[in-house]
Amino acid sequence: MKRMRAIFLCIALLALFSACQKRQDVKVWADWDRRENWEEKGYYTFCGLEWGMSEDEIVRSLGLKEGDYTRSQSSGDTNDSIYLQIEKEEPIFGVTARVANLMLENMSQYNGKEGSYGLVQVRIIYTCVTEEESFLVRRGMHEIYGLPDPYRVELDNSYGYDSDSRARTITPYRKVEIPKGSKSEYWNGTSVYESMGYEIRERYLEIFRDAREKLKNKWNEQTKQDLLDNLEICPASQIIYASPSGEFINSYADQMESAINTMELPILSVDFYGHYIAYGKAVEESLKSKERD
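In this report, we go over the structure that sits alongside the text.

Cut-offs and rules
Residues numbered from 1 in each chain as written. Predicted model: local features only at pLDDT ≥ 70, side-chain atom pairs only at ≥ 80, totals over all residues. Heavy atoms only, no water. Phe/Tyr/Trp six-rings, centres within 6.5 Å; stacked < 30°, edge-to-face > 60°. Helix = DSSP H or I, 4+ residues; strand = E, 2+ residues; numbered from the N terminus. Buried < 20%, exposed > 50% of the residue type's maximum accessible area, 1.4 Å probe, protein only. Arc of directions from axis to C-beta. Contact = heavy atoms within 4.5 Å. Axes fitted to C-alpha atoms, helices over the stretch in contact; angles between N-to-C directions. Parallel < 35°, antiparallel > 145°, perpendicular 65-115°, else oblique. Left-handed = near helix turned anticlockwise from the far one by under 90°. Core = buried A, V, L, I, M, F, W, Y, C linked by side-chain atoms within 4.5 Å. Polar contact = N/O pair within 3.5 Å; in protein donor to acceptor, adjacent residues only side chain to side chain. Pairing = 2+ DSSP bridges.

### What to know about the packing of aromatic side chains
Part 1 of the argument: Summed over all chains, the structure comprises twelve aromatic pairs.
Part 2 of the argument: Ring plane angle 55° and centroid distance 6.2 Å describe the contact between F208 and W219, whose orientation is recorded as tilted. Linking F208 in helix 7 (residues 198–214) with W219 in the loop between helix 7 and helix 8 (221–233), this pair joins segments that are eleven residues apart in sequence.
Part 3 of the argument: Here F208 falls in the partly exposed class, since its relative accessible area comes to 24%.
Part 4 of the argument: Through pairs of rings, three or more aromatic residues link up here, namely Y110, Y204, F208, W219, Y276 and Y279.

### Some thoughts on helix 3 (residues 55–62)
Part 1 of the argument: When helix 3 is considered as a whole, its buried residues turn out to be E55, I58, V59 and L62. Down the axis of helix 3, the buried set is contained in an arc of 95°. They therefore lie on one face. Residues of helix 3 that are exposed and point more than 90 degrees away from the buried face comprise D56 and R60.
Part 2 of the argument: Considering only its buried residues, helix 3 is in contact with strand 1 (69–74), strand 2 (81–86), strand 5 (99–106) and strand 6 (117–127).
Part 3 of the argument: One or two residues past the end of helix 3 sits G63, with phi positive at roughly 65°.

### Brief notes about the packing of helix 7 against helix 8
Part 1 of the argument: Viewed as axis vectors pointing N to C, helix 7 and helix 8 meet at an angle of 125°, and their least axial separation amounts to 11 Å. On the basis of the axis angle, helix 7 is oblique to helix 8. For helix 7 against helix 8, the interelement crossing comes out right-handed. Side by side, helix 7 and helix 8 meet where R201, E202, Y204, L205, F208 and R212 of the first sit next to T223, K224, L227, L228 and L231 of the second.

### Here we look at the nonpolar core
Part 1 of the argument: Counting residues in hydrophobic clusters, the biggest one holds 64 residues, and the most contacted among them are F93, L102, Y126 and Y145.
Part 2 of the argument: A per-element tally of this core places helix 10 (residues 275–292) first, with seven residues.
Part 3 of the argument: The residues contacting Y126, other than those within four sequence positions of it, are I92, F93, V95, T96, A97, R98, V137, P266, I267, L268 and V270.

### Structural notes on the side chain of R123
Part 1 of the argument: In this structure, R123 sits in strand 6.
Part 2 of the argument: Since its relative accessible area comes to 2%, R123 is described here as buried.
Part 3 of the argument: At 2.5 Å, the side chain of R123 forms a polar contact with the side chain of D271.

### Observations concerning unusual backbone geometry
Part 1 of the argument: Located in the positive-phi region is F93, a residue other than glycine, with phi close to 60°.
Part 2 of the argument: Not every positive phi belongs to a glycine, and K216 is a case in point at roughly 60°.
Part 3 of the argument: Within the secondary structure layout, K216 lies in the loop between helix 7 and helix 8.
Part 4 of the argument: Classification of K216 by relative accessible area gives exposed; the value is 76%.

### Description of the sheet that holds strand 2
Part 1 of the argument: The sheet built from seven strands is open, its strands ordered 1-2-5-6-11-10-9 with antiparallel pairing. Of all the strands in the sheet, just strand 1 and strand 9 (185–188) have a single pairing partner and so form its edges. This sheet shows a mean twist of 15° between the axes of neighbouring strands, independent of strand direction.
Part 2 of the argument: Relative to strand 2, strand 1 runs antiparallel, the two sharing six bridges. Residue pairing across strands places S74 opposite S81, the latter belonging to strand 2.
Part 3 of the argument: Each of strand 6, strand 9, strand 10 (238–242) and strand 11 (267–273) touches helix 5 (residues 131–145); the most contacted strand, strand 10, lies at about 165° to it.

Spelled out as structure tokens, the structure:
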């Protein structure tokens, strides 16, 4: 009898060990198809990640281990970012993705903490995609995020040449209708204006003002109104499905150089943006810290 109990105990321990091993081997993107009420939440995220997450939080959330990703950092007067490149081929939206790039931006001007970085962008990359695979990715995205919007939001760099437009101190955003037959699709979350709320928005305006004055750029009531107009149009989060053309590579060559050299066309990318959500969270953290002090 004791021998039988010992055998059963060994079997149970082996089963427990195997289960632990399986849990440790969880796929990085196992949560890609999670459903959320995006309208209620007000912004889009990906794979259980949250905008503003630190590098350590991302590594823990995705269960990354040494060798699962590469890290690089860029710095400059206007850009200070960390890039995490995850080369782990797993199905996302029904098709095996090749690479995922995560971008974290310096948040110190928003939360007052030096060396603080928060997640602002996720890019999923597919290589050698067929038309059928592109269709499967789009269909998978429709199932998760609903149908795309009929417009995209972009900076209107032509506004200065429009005789009917009033003088502005900063470049405005505009909504552009998506032409029929377009191979790109856009999902836009609620506007930055709605997302931030009054107190956070006012503090963000102060930070924006200070940054402009530091660069000796104009700031007055007109500038403030121009910025508010932009915040009412610009989405706080956005998803972009880019057609498999490879054209996007040029604008991201610096952060993706190592990956691009080993990729084969055609390339399909899906981008998730949450800069303003991350900024708002950092500002809110700063305001709460001041209240505690």
